[in-house]
Every structure is written in C-alpha cells, then in structure tokens.
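# Structural overview
Given next are the chains, with one letter for each unit.
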Amino acid sequence: MRYYSLNHPAEKVSFKEATIRGQAPDKGLYFPEQIPVLPADLIKNISAHSHEDIALQVIRPYVGDTIPENELRRIVSETIDFPFPLVPVTPGISSLELFHGPTLAFKDVGARFMSRCLGYFVKDTHQEVTVLVATSGDTGGAVASGFYDVEGVNVVILYPSGKVSSVQELQLTTLGKNISALEVSGTFDDCQRMVKTAFADPDLNRALFLTSANSINVARWLPQQFYYFFAYRAWTEKAHPPVISVPSGNFGNICAGLLAHRSGLPAQHFIAACNANDTVPSFLQTGQYSTRPAIPTLSNAMDVGDPSNFVRILEIFAHEFSSLKKVLSSYSITDEETRATIRDVYKKYHYLADPHGAVGFLALEKYLAGHPGEKGIFLETAHPVKFYDAVESETGEKVPLPDNVKILLGKEKISTKISPDFSALKNFLLA
Ligand SMILES: *Cc1c(COP(=O)(O)O)cnc(C)c1O
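Bear in mind the structure is a predicted one, so any value in this text is a computation, not a measurement.

Criteria and thresholds
Residues numbered from 1 in each chain as written. Predicted model: local features only at pLDDT ≥ 70, side-chain atom pairs only at ≥ 80, totals over all residues. Heavy atoms only, no water. Phe/Tyr/Trp six-rings, centres within 6.5 Å; stacked < 30°, edge-to-face > 60°. Helix = DSSP H or I, 4+ residues; strand = E, 2+ residues; numbered from the N terminus. Buried < 20%, exposed > 50% of the residue type's maximum accessible area, 1.4 Å probe, protein only. Lys NZ or Arg CZ within 6 Å of the ring centre and 35° of its normal. Axes fitted to C-alpha atoms, helices over the stretch in contact; angles between N-to-C directions. Parallel < 35°, antiparallel > 145°, perpendicular 65-115°, else oblique. Contact = heavy atoms within 4.5 Å. Near = heavy atom within 4 Å. Polar contact = N/O pair within 3.5 Å; in protein donor to acceptor, adjacent residues only side chain to side chain. Areas by Shrake-Rupley, 256 points an atom, 1.4 Å probe, with all protein chains shown as cover. Nonpolar A, V, L, I, M, F, W, Y, C, P; charged D, E, K, R; others polar.

### Examining the packing of aromatic side chains
By convention here, two paired aromatic rings are described through the distance between centres and the angle between planes. The full count for this structure, using the stated rule, is 20 aromatic pairs. Residues Phe84 and Tyr227 carry aromatic rings whose centres are separated by 6.5 Å and whose planes lie at 25 degrees to one another, so their mutual orientation is stacked. Here Tyr227 lies in helix α11 (residues 226–234) and Phe84 lies in the loop between α4 (69–79) and β4 (86–88), a separation of 143 residues in the sequence. Using a relative accessible area of 7% as the deciding quantity, one classes Phe84 as buried. On the basis of relative accessibility, which here comes to 1%, the residue Tyr227 falls in the buried class. With centroids separated by 5.1 Å and ring planes inclined at 65 degrees, the aromatic side chains of Phe84 and Phe230 adopt a geometry described as edge-to-face. You can see Phe84 sitting in the loop between α4 and β4 and its partner Phe230 sitting in helix α11, a full 146 residues away along the chain. Here a set of aromatic residues connected by ring pairs shows up, and it is made of Phe82, Phe84, Phe106, Tyr227, Tyr228, Phe230 and Phe270. Sitting above the plane of the Tyr232 ring, Lys238 keeps its charged end 5.3 Å from the centroid. The residue whose ring lies beneath Arg262 is Phe317, and the NZ or CZ to ring-centre distance is 5.1 Å.

### What about the packing of α11 against helix α12 (residues 252–262)?
At a closest axis distance of 8 Å, the pairing of α11 and α12 adopts a crossing angle of 60 degrees. The angle between α11 and α12 places the two elements in the oblique class. Residue-level contacts link Tyr227, Tyr228 and Phe229 of α11 to Asn253, Ile254, Ala256, Gly257 and Ala260 of α12.

### With respect to the site of the ligand
Taken together, 15 residues sit near the ligand, with Lys107, Asp138, Gly249, Asn250 and Thr381 positioned nearest. The backbone of Asn250 places a nitrogen or oxygen atom 2.8 Å from an oxygen atom of the ligand. Asn253 has a polar backbone atom sitting 2.9 Å from an oxygen atom of the ligand. Computed on the free molecule, the ligand has an accessible area of 380 Å², of which 97% lies beneath the protein chains in the complex. Here the shell around the ligand is composed, by residue class, of 6 nonpolar, 7 polar and 2 charged.

### Observations regarding the environment of Glu412
Mapped onto the fold, Glu412 is located in the loop between α19 (403–409) and β14 (416–418). In this structure, the C-alpha to C-alpha distance between Glu412 and Ser145, residues 267 residues apart in sequence, is 16 Å. The residues touching Glu412, leaving out its near neighbours within four places in the chain, are Thr173 and Thr174.

### Digging into unusual backbone geometry
One non-glycine residue, Asp149, lies in positive phi territory at about 70 degrees. Locating Asp149 in the fold gives a position in the loop between α6 (138–147) and β7 (153–160). Exposure remark for Asp149: the relative accessible area of 47% places this residue in the partly exposed category. We note that Ala318 has phi near 50 degrees; this positive angle belongs to a residue other than glycine. On the secondary structure map, Ala318 appears in the loop between α14 (310–316) and α15 (321–327).

In structure tokens:
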C-alpha cells in the first residue's frame, strides 16, 4: 500500500515513510492509494474471529511489507490488550466503551499502535525522533503513555492552559523522562497551528527529526477502525446493522469508522456528534464549509473549529456532497443539553456517561427519533472520571476512582509555560 498527500496526489510513500513523517512535506495529509475490501467471510462469520485476528486482517493491507507478520501480530495484540465492551443502555441504544485502556480514553488504541510502529521503524537507525503533538485533552495522555520510555523517541506535547481537565493534565505532565509538556496560554487551535508551522520550518527540520502523533498520522488514524469491527462482532442483530454515533472533534475517529464501512463494515448510518463547535453540522446543512475559532465546552476534547481529518472524509466520498449526506449526519449539542443528558441517562438507565459520550448519546437519540425501528451504538470515548467535576455535579454522586487515577492524583505536575506563538515553540525545541 502506498499513501499520497492530499495536496499532491502524484507523490507517494510507503506506510513506513508516512508514519515517520506524519505529514507530507507539502503539509498535506496522507491517504491510502486504495481502500481494501475485507474478505466476505470475515464479516459474515465475524463472531468466530478473535479481536486479534480481526485487527490483523483490517490493518495488514495498510502496513504491507513494511513490518514483518510476526512483529505486526505482536504490535496489534499489545495495542488491543484490554476489553471493548458493548453495553446496552436503553432498548435501542448501546454504549461501546472505549475507555478501558491505560489512559482511560479511546486514543490509547491509536497511540499504542503508532508508538510501537515508530519504535520498530527507528530501532536500527540510531537517529533520535522528536514526536510533536498538540492535544485538546486526551491525545496528550495517550501519546505520553504510549511512548513513555520508548528508546530513540522524544515526545513534546502542547496543550491549552486551563482548557484540559485535571486528570488529563496530570496524565501528560507527570511522566518525565522522554516526555515534555508545554502549557500554552491559548486554545487547542493555537497549539495545532504551532505544531503545523514547526513541521514546515526549515531550521527545525535541519536540527531535528520531527514527526507528529496527532490523528493525522496514518499509524494513529488507521487502527481506530478496529473497534468498529469489534462493535459489530458484539452486535446481536447482525441482519440489522447499527447506526453509529461518534463524538467528534478533529474527526479522526469517525473518519476511521467511515473507512471501515468502505471496507465492508456493516452500518446503517453514521452520526458525527459535535458540541458547540459546529463546523461540520453546519456544512452538512448548508453545503458551505467554513472553519471558525474553537469554542470551549464541557466536552473539551472536541473543541476544534478546524477539524484536520475532515478532508480525508471528503476524499473517501470523492468530494461528492450527496453521497456523503446519505451516510453521514451530524448534530451540534449544547453544554446545557450535555449536562441534562448526563443527568437523564444516569437517572433513567443507571448509566454513567462522560460529557463526550453524552454528546454521542443525545445525537443518536435525536437521529433515532426520526428513524423509528433503527437501533444504534454511541462510542463512549472517555471514562467519566476524566471529567468528574462535570459528571458529579449532574449525578450528585462521586465517580469511583480507578486505581491508576488514584496514583496520578498524588503526583506533581511538571510543565513549561509558553505563549501561543511559533517562535516560543521553536526556541524551546532548539534549546
Ligand atoms: C479526541 C477525543 C474525541 C474526538 O475524537 P476525534 O478523532 O478528534 O474526532 C472525542 N472524545 C474524546 C474523549 C476524545 O479524547
């Protein structure tokens, strides 16, 4: 499999190069030359296949011969070494819990896969790689945990000061060793812009080997397809596939779901569940795509006004608005609705949703109200404890602390504060 830059389709690279570079030199996102079609038997008899086997069959065509089979099997099995339960919440709605990994959010899957691939690729090169990553909340922790102590790889994380939850902040500022956290006095979009500028900066690229671990990196983006197949494996009504609602910010996760669908994953429909950052919901309504500054919300990991991965979704649908609209709907959910949903879901169904999951739940409920007879899944993308302040004020009860959070709360935060301009980042990296 080769990958082309969405800015420059003629130039193609291998999975290895796409993973090491992150972004094409022309700043374009890499996209696979073909979308593989999975064997019909895998879908038809999916319950007979293990998670490891499914994941391996899904990812193998994308990796090609850049990683030998036994190594790839090891990487895949370490990546998905935790449960992905599908939990019924209402008669028509189930929660796909993606928060059972080490940092309690779905990003663990992408980060674990990517760190292991990159570790494999740089092992024999004797070259230090610097992974530069902007986070709106959960990416930082997942990347920090995934890359912690990986030899030959340094990680620099930029996060917007005061705009991530306390648990999220501790997850990315308390590891030390090869992980540095930069606390930026700005928004996630500022962080993302600084990172993008760094990748294009000649001085930095002379001094360092920079790569990205944001969801634009193919090695983070592609393995996110796995859990959509795991969901279908656990779905009991195989003849009546689910509507799938994905809490979306940078649109990497849902883009992986749509890619999986193209490869043969049965799904009735997809829903991009957004908070007040409604770039995509209003695009699907009006046909006009206009990015806007990020608005801070309760579901802060989705506070993105200019979602990087949306261009990949357009590419999957060959930029045909009408075919995209047949498969994808999108809703913008307010913070008030999010709070009410956390409350209602807890009271009525005894299920504890985090703010992101609540956005996914409500968007799905709204869609199903207009489509009687259909059933669906929302992705519960983070453990409610990561947002305990918001959750506890709605339910009136304490969220039980998982052990790894208890340990975290006793640790000391170590970050470097910088202003939201590129020169501050450049000085830090060159120091
Ligand atoms: C990152 C994140 C999202 C958004 O995922 P994208 O791939 O950026 O759309 C949703 N929920 C949580 C908890 C996240 O950490």
